[in-house]
Amino acid sequence: MKPLTDKEIRSAFVNCTKGAAKRLSIPHDLADRPWDDLDYFGWRDPQAPDRAYLVTELGGRPTALALRSSGAASGQARRSMCSMCLTTHSGGVSLMVAPKAGKAGQQGNSVGAYICSDLACSLYVRGKREAGAGARLHETITQEEKIRRTVANLAAFVDKVIA
């Protein structure tokens, strides 16, 4: 991904109002992010832990989504798999729900996917972050193919939100 500015991120949101995009918390350390290793840039709102955001490049331009995550699970953590990068975590996957873009979203329609709670799929796929023993299933495909699969899964999710 190419590095993004605060202004580029705010103007890329497709499923929230311009006012909401203007008010949301964007990390201040954008220059320090590992942009070359990211297929999407995702973060959680530090003031509202149930809110998360992600920005990816589709068609050569940034596209951003506002997400809500499921509440913290009570009791013991279950092992779950991220539907984007296929990394398994004990308690590290959340159901992320995005309001649909446009009129459908205004009517309350949404799309959900199980995504790494820390939104670090790109780093897990590249082996730059570990999710613990057994988190990555042994596969015979290359790392580049895993990256392409993650990008395709993310694009399919974004397409459902925009449709």
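Look a little higher up for the structure.
Below you will find a few notes about this structure. (Residues numbered from 1 in each chain as written. Predicted model: local features only at pLDDT ≥ 70, side-chain atom pairs only at ≥ 80, totals over all residues. Heavy atoms only, no water.)

1. Some words on the sheet that holds strand β3 (residues 61–69)
Which entries qualify depends on this criterion: Strands were regarded as paired on the criterion that DSSP finds at least two bridges between them. Under the scheme used here, helices are H or I runs from DSSP no shorter than 4 residues and strands are E runs no shorter than 2 residues, and both carry numbers assigned from the N terminus. For every element, the axis is a line fit to its C-alpha atoms; helices are fit only across the contacting stretch, and the angle between N-to-C directions ranges from 0 to 180 degrees.
On the basis of which strands lie adjacent, the open sheet formed by five strands has the order β1-β2-β3-β6-β7 and antiparallel pairing. Strands with a single pairing partner mark the edges of an open sheet, and in this sheet they are β1 (40–45) and β7 (110–116). Across this sheet, the average inter-strand angle for adjacent strands is 30 degrees, counted without regard to direction. The pairing of β1 with strand β2 (residues 48–58) spans six bridges and is classified as antiparallel.

2. Notes on the side chain of Arg126
As a reminder of what qualifies: By definition, residues are in contact when any of their heavy atoms lie within 4.5 Å.
Locating Arg126 in the fold gives a position in the loop between α4 (121–125) and α5 (143–162). Setting aside residues up to four positions removed in sequence, Arg126 forms contacts with Asp37, Asp39, Gln143 and Ile147.

3. Focus on the environment of Pro46
Inspection of the secondary structure puts Pro46 in the loop between β1 and β2. Once the C-alpha coordinates of Pro46 and Ala152 are considered, the two residues, 106 residues apart in sequence, prove to be 28 Å apart.

4. A short note on α5
The criterion, for reference: In a helix, the anticipated span is given by 1.5 Å times the number of residues less one.
Spanning 20 residues, α5 covers 29 Å between terminal C-alpha atoms, matching the ideal 28 Å at 1.5 Å per step. Buried positions along α5 lie against β1, β2, β3, β6 (93–99), β7 and α4.

5. Quick look at the environment of Ile141
Threshold: A 1.4 Å probe rolled over the protein chains alone gives each residue an accessible area, and that area as a share of the maximum for its type sets the label: buried under 20%, exposed over 50%, partly exposed in between.
Along the chain, Ile141 falls in the loop between α4 and α5. Relative accessible area serves as the criterion here: at 30%, Ile141 is assigned to the partly exposed category. If we ignore the near neighbours within four places in the chain, the residues touching Ile141 are Lys146 and Arg149.

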